[in-house]
Structures are given as C-alpha cells and as structure tokens.
2 protein chains.
Amino acid sequence: MKKIFLLGVAFIWVTGSYAQQALFNSGNITSPVIHDNNIVTFKLYAPEAGKVEIQGDFLPSIKIKTSFGEMDGPGKAELTKGENDIWEYTTPTPLSSELYSYSFILDGQKINDPNNVYLVRDVASVTNIFIIGEGIADNYKVQDVPHGNVAKIWYSSPTLGFEQRRMTIYTPPGYDDNNNEYPVLYLLHGSGGDENAWMELGRASQILDNLIAQGKTKPMIVVMPNGNAPQQAAPGEAPNSMIKPTMTQPNTLDASFEKAFPDIMKYVESHYRTINNKQNRAIAGLSMGGFHTIYISALYPDKFDYAGLFSTALIQPSEGKNANAYDNFKQKLDEQFSNPPQLYWIGIGSTDFLYEDHTKYLKLLDSKGYKYEYMETDGGHIWRNWRIYLTEFSQKLFK
Amino acid sequence: MKKIFLLGVAFIWVTGSYAQQALFNSGNITSPVIHDNNIVTFKLYAPEAGKVEIQGDFLPSIKIKTSFGEMDGPGKAELTKGENDIWEYTTPTPLSSELYSYSFILDGQKINDPNNVYLVRDVASVTNIFIIGEGIADNYKVQDVPHGNVAKIWYSSPTLGFEQRRMTIYTPPGYDDNNNEYPVLYLLHGSGGDENAWMELGRASQILDNLIAQGKTKPMIVVMPNGNAPQQAAPGEAPNSMIKPTMTQPNTLDASFEKAFPDIMKYVESHYRTINNKQNRAIAGLSMGGFHTIYISALYPDKFDYAGLFSTALIQPSEGKNANAYDNFKQKLDEQFSNPPQLYWIGIGSTDFLYEDHTKYLKLLDSKGYKYEYMETDGGHIWRNWRIYLTEFSQKLFK
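My aim in this report is to walk through the structure given alongside it, one point at a time. Keep in mind the model is a prediction, meaning the values are calculated, not measured. (Residues numbered from 1 in each chain as written. Chains lettered and ligands numbered in written order. Predicted model: local features only at pLDDT ≥ 70, side-chain atom pairs only at ≥ 80, totals over all residues. Heavy atoms only, no water.)

### Some details on the pairing of strand 12 (residues 125-132) of chain A
Residues and elements named next belong to chain A. Our working rule: Relative accessibility thresholds used throughout: buried, under 20% of the residue-type maximum; exposed, over 50%; partly exposed, between the two (1.4 Å probe, protein chains only). Runs of E in the DSSP output that reach at least two residues are strands. Runs of H or I that reach at least four are helices, and both are numbered from the N terminus. Criterion used throughout: strands pair if DSSP finds at least two bridges between them.
Along strand 12, eight of the eight residues are buried, which leaves the element largely enclosed by surrounding structure. Pairing analysis gives five bridges linking strand 9 (residues 98-106) to strand 12, with the strands arranged antiparallel. Looking across to strand 12, one finds that Y100 is bridged to F130. Bridge analysis of strand 11 (residues 119-122) against strand 12 gives four bridges, and the strand direction is antiparallel. Residue L119 lies in a different strand from strand 12, and its bridge partner there is N128.

### Some remarks on the environment of G193 of chain A
Residues and elements named next belong to chain A. As for its placement among the helices and strands, G193 is situated in the loop between strand 15 (184-188) and helix 3 (197-200). Accessibility expressed as a relative area gives 15% for G193, which makes it buried. Spatially, the C-alpha atoms of G193 and G236 are 13 Å apart, while their sequence positions differ by 43 residues.

### Some details on the sheet that holds strand 7 (residues 80-81) of chain B
Residues and elements named next belong to chain B. Read across the open sheet, the four strands follow the order 1-2-8-7; overall the sheet is antiparallel. Looking at the sheet topology across the chains shown, the edges are occupied by strand 1 (33-34) and strand 7. Bridge analysis of strand 2 (residues 40-45) against strand 8 (residues 86-90) gives five bridges, and the strand direction is antiparallel. The residue bridging T41 from the neighbouring strand is T90, located in strand 8.

### Side note on helix 8 (residues 355-368) of chain A
Residues and elements named next belong to chain A. Condition: The span you would expect from a helix comes to 1.5 Å times its residue count less one. What the arc measures is the spread of directions leading from the helix axis to the C-beta atoms.
The terminal C-alpha atoms of helix 8 lie 20 Å apart, and with 14 residues this matches the ideal 20 Å at 1.5 Å per residue to within 8%. Of all the residues in helix 8, the buried ones are H358, Y361, L362, L364 and L365. The buried residues of helix 8 occupy an angular sector of 155° when projected down its axis, which confines them to one face. Along helix 8, exposed side chains directed more than 90 degrees from the buried face belong to E356, K360, K363 and S367.

### Notes on the sheet that holds strand 7 (residues 80-81) of chain A
Spatial ordering of the open sheet is given by 1-2-8-7 (chain A), a layout of four strands whose pairing is antiparallel. Where the open sheet ends on each side, the last strands, each with one partner, are strand 1 (33-34) and strand 7 of chain A.

### Remarks on helix 5 (residues 256-271) of chain A
Residue and element names in this part refer to chain A. Definition in use: Note that the bend at a residue is defined as the angle between axes fitted to the seven residues ending at it and the seven residues starting at it.
For helix 5, with 16 residues, the first-to-last C-alpha span of 23 Å sits near the 22 Å given by 1.5 Å per residue. Roughly 25° is the biggest bend found in helix 5, and it falls at P262. Regarding helix 5, the residues found buried are S256, F257, E258, A260, F261, D263, I264, M265, Y267 and V268.

### Focus on the packing of aromatic side chains
The test is simple: The criterion for an aromatic pair is that two Phe, Tyr or Trp rings (for Trp, the six-membered ring) have centres within 6.5 Å, with stacked assigned to planes under 30 degrees apart, edge-to-face to planes over 60 apart and tilted to the rest. By the criterion adopted, a ring carries a charge over it if an Arg CZ or a Lys NZ lies within 6 Å of its centre and within 35 degrees of its normal.
In total, this model carries 60 aromatic pairs over all chains according to the counting rule given. Residues F291 of chain A and Y295 of chain A carry aromatic rings whose centres are separated by 4.9 Å and whose planes lie at 50° to one another, so their mutual orientation is tilted. Linking F291 of chain A with Y295 of chain A, this pair stays in helix 6 (residues 288-299), spanning four residues, or about one helical turn. Accessibility classification places F291 of chain A together with Y295 of chain A in one group, the buried group. Judged by centre distance (5.6 Å) and plane angle (75°), the ring pair of F291 of chain B and Y326 of chain B falls under edge-to-face. Residue F291 of chain B is found in helix 6 (residues 288-299), and its partner Y326 of chain B is found in the loop between strand 18 (306-310) and helix 7 (329-338); the two are separated by 35 residues along the sequence. Owing to a relative accessible area of 7%, Y326 of chain B belongs among the buried residues under this scheme. Looking at R273 of chain A, its charged tip hangs above the ring of Y175 of chain A, at a distance of 4.1 Å from the centre. Positioned above the aromatic ring of Y140 of chain B, the side-chain terminus of R387 of chain B is 5.4 Å from the ring centre.

In structure tokens:
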C-alpha cells in the first residue's frame, strides 16, 4: 500500500507541478465550506495580500450605474486574515437554496477561488459556483436519479452555409434502452451564449433529470442549438475560434437563424425518435433566445404548441437580407393565434431592464385577446431566473 | 442598429456584472496574443500589484525538489509594468508547436489569466491553455475538417454495484449518417483523472478528427470510461461529488475496475455499431490507465489486438477482494502472448519517474521474446507526452 500512496504524491509533483500548487501552496484548504446549517465559509491562502474581498450574488446586491440607470450587481464583503495566512469570510446567516456565483478580489484584482474547481463561463467572464440545497436548487444538483445522456453533435445547415454546426442534445433517461418516441423542447440561449450555455449556466440536464424523476416533467428530448448565425460552435469549438468571446454577435437578430431553423428540426427528426407533430414540439429561449422564440413560433405557426419567452429581448429586429421574415409581424402573430398554441408562456424579472417592454407586449397580446401564462419573479436579467423559468415551463409541456 | 448595440452593452452590465469586470476593469485587453511569428505576449491589468510573474510549461523548466529527487516543473518569468497599469511578458523567441499551460503569479498568488477563458482542470488545479500551431499541435486544434460527435452517456455496471456510471464516447465523422460498423479504442485516464480527462487535457476528439481527415488514422469509436472504481462520474457530475477533487482514489489498483471492464464493453457493443472481434478492439491508457491496460489486456487475452501503454504505472497492485485477478501475472502474460496481440505499444518520457520501471518491464518482455513497439520522448509524466502517444498509437490501429 505504501508504494501506491507514494505514487499519488509523485503524481502531484510531476504533472506540471500545478497540482502541487493547489494542494500545498494554498495550505491544502477547502473553500467554500457549506456547513450543515447552510452557512458558508470561504477561505483563501494569501500571505502577501493587503486586502481580500469576495464578490458574489449571495451578498446584498449593490447598485451599479449604467447608461440604463442604476442596476443591481453582486455585493461585496471583506475577508479577515487569520492563522497560517488564511483569509476567511463566513456568511452571517444561512443562505437560501440557490446556485450562487462568486469571485475573490485580491488587492483589487478579481481572481477565482483556487480551491474551487467548479467554474462557469458567461461570455468572457469565468466565476466560481456552489449550490445550496434544501429548496429550489435541489433540482440544479446532480441527484441520485436516472440520468439522461448529453451529446455534442454536428449537423448540416445549408441555409446558413455551414456543413457543420454544433448543438447539444439531451435525451431523457431510458432513451437508449427503449423504442419510445419522445416530444422535443428546443431551448435557445441569449446574446453572448452558445450551445453550451443551457447546460453549464442553466443546469438544464440536472433540472430535466430531477423533474422527470419526480414525475413532474414528461420525458423529452431537449435540443440546445447555437443561435449565433455566423458561428459554427461555441468559442474554442470551431476552427480559429479560440479567442476571447464577445457579447455582440453580428447577424443574430437579422432572421437568418429563424430562417435556418428547419435545418435543425430536420436533423433532429431524422436522427432521434421524435414525435413529429405540433402537439409534441416546444420552443423556448432566454433574452435573444426569447426573441428567436417569438419569431420562430410565429414564422412556423403549425410547428410549436408551446412557446416559452424567458426575459425576452423585445426589440426592433436588425436589418439584413433575411429581415423580411420579420415583416408584418402582427399579421404573423394573428395567424399563429388563429389556431392558438397550447401554451404561450412569458417570464420576466421585476427589475429586468426589459420589464417595461414586457408590459407593452402583454398589452398587445391582451388587446388581441391572445391567451398566455405570465410569471413575474424577483431580480433582473440573470440565470437565476432562467433556471426558474425552465423549471416552471418544462412542467407544463406535452400534457 | 443602434438599439441592438445598446442592448449588447446592457447585457454586459446586467448579467451579474461579472462580464463588466472582464471587459472593462481589465482594460479590455487580449491575452495571450499569439503573433504571426509564434512569439507570444501575455498581458494583465493589475494596477495595485507589486510583482507579476508567469509560470508556464513553455518557459525553461526549473528543478523542483521532491521525495523522488529533483524533477522538472514549469518555469517562471517576470512581467513588466507598462502603460495603463498593464503588465506584459513577451517570449524572447517563437514558441514551437504545442498546447501550453500557464498561470500568472500576482504578488505570490497563483491566478488564472482573466482574459483567457480557455481553462483545463487537472485534479484540483485549473490553468489557462493556448495552442501554437504549424507543427504537432495543429492536430490538437479544432480544424475545418469533419467532426465526430461526443456523448456523455450513463451505463450500468452491476459488477461495481452502480446502476449508473458515466463515460465519454466519441463517434467518428459520418457515424450518424451511415450504417457502417466500426472498431473501438478504449482509452483510459490516469490517477486523479476521470471520463473527461482525455477530452479536456488530451484533446482526443481533435486528434481523432484531424488524423482521420488526413487519412492517417482509421475511423473508430473511442470509449473513455471512468477508471476510478468507486466513482460514478467526474467530480461534480455524480451525486454529492461537487467537492475538491483529490489525487488518490481508493481501490483503483485493486482489480475491481479490471473485473468490471466487461460491463463497459457490453454496453458499448450493444448500443453502438461496433465490430466485435479481437482484430477490431484496442485498449490504451496513461499512467494508472496503462496499468489497467496491462491487466485488462492480459485478463481478457482474446479481446484486444492492440494495447497502448502510455507512461505506465508499473507498480505493485493494491490488495482487496478482487486482487486475485492480479495473481500469476507472468502466466497471464504468457497466455496473452501465446496468441500475441498485433501491437503491444509502449511509450515513456526520458525524464519520467517511471522510466527505470519501464527499463525493467522491457527486459521482462525481451527475456520472453514478446514483441512490442517502443517510443521514448523527451520530458516526464505529462499530458504533452500522452497527446503525442495517442497521435502515434492511433495511427497504428486496425490496419
């Protein structure tokens, strides 16, 4: 046994000696520590630091001035230097159930917690995450329930001129061991996102696994394509794309994605055991993906019986060679609601900068007498809300 | 158009305000910058720092004292503070083609480059990566070639007592659009790794895509299971596993993984279009995975015509209820070589701490007259070598 233990140590030193840094130089500490009462302690070994802060969305939010007025941003707190050059911060009260993000700020410099390997990327920013259970976020955790498989697949989109574009596909537990046909949810990301966003930031596979296990959500295939028309795949996953990601993707609001959407459906329906009718297709998206959802569900009114608009970017479409697809939108909406979808679902946060646009859109729907379901949550244009909306929306599908 | 641009800005401020940090507080800089001549510049916005260093495996290695004697570790260099509080380091000469790892050291504290979102995790350590092309690492890049799909799937392992264990499966380009049957390479990770390691650190799908496109490697299915017998999945991907990963996994050298290996093969051969004979099965692994490869290929001598031993942990097996599978190893080796594999391939780095053990193992094989192919590379027990070995080994399979 001794020899094997020694081998373990040797590996730590040898594999680039980075592991050595993490395990020894950092004082071999654990951070965060989630105590039994859901109080959380964060630790950082920083012998030379003059000041260490933590910035996270579990702290009381602070106001940030923007060109849109004041907005909520993650709060800050200071860590205290203790023994062995380890700085600590403990939350004064238990945290409620949620998936939280945080970073340390070391003498003014934002850094990741070197003792927490669970990181998510949002556009060009990488932050640490942790999950507090015993509430809503139990559905964001990997639980001891049957799991669906997740594949990154490449499909052909002749409409966009790409032989290969990437998408993420979740198949429900049991899919590979039965011959059932399944309904499909097309789930779209926002501006700055990609085909990985709903899995990494949105915890889509965990949410689906858990709700299906609880019998609350019907087993379904979830298709998460890349909604940035000029992209083949997420940053780093397409040729020459291993560069710093940016928020603004050209041409994603010019109807090219909407026009090319049948390429995605064609692939899915020819490669998976799908039920190919309106009653068994849903589409939903956040922000730009909500924009795409409005137009795709209206452009193909006989295709989707369920539409989910999550914090939708209700803005003037861009121009471009395909933009005529946006013409006469109200007429298209009339057509869509002449044989209305089973569910037209709208979610928005009460402090979202798009809140007023939503009020106007609801008025439009009301004036026409079009039925919809509406959910208003706290907070703004954040993933916390989109995970809630997926949790709510997915339970209403295909029933 | 103006309205859409404004929306982009709003998003940056609103989504947790983290993106704002990365894009504005950091001076909106790009790092690393790979110049046309493969000289590389690294930049960090750090107004309050007294000293900024870079530690990376592209710098002349430094000696680290360990209980095994001196070993090579990544070198260090200092950044210079320039205008606008931006620190810089430029390599004095062009870098040769490779996938490199690095971190910054800010006043003694290891941090990730906040302007580089491409990160890899090795056990409990996360570092930035970048790729220099025009050489061997062109095969590690995503190129404009047909891509295979990659799935994270759950299989049942009754032998290990898990209803669900996770593995990564690469299917070659075209697999989903033809009816061909394919050979299979089982590709195993090392101690501290998991079913994600070969994809993330090993660039397995890129290497396979590129070599298949060049006609150098035959299209094949690559199966990357989790070799830690007590684990269901990678850290964070199994229940209650979102904790700090450790190097030492109990019971992974006690033959339980080897004994349970038929569960993996059974799933693969019943769910994929595989060619189910010895001539069309290969197995390879690094370090602990090389150890597993030796024993699995010897325990099931009629199953694998190709065995790849990459920097193999040639150590005394652990004890345990299954350890009798290791008994009479030389006799099992005799049996394996009585109908010898097409290829018994061994790769080792000249400064690997396992080098001397390899010399002994080669002597054993020589003394028996067993044929093998041997490749010796520079360097030690590092992913740089394992990517090279996969590149070499995969070209020799199923021909």
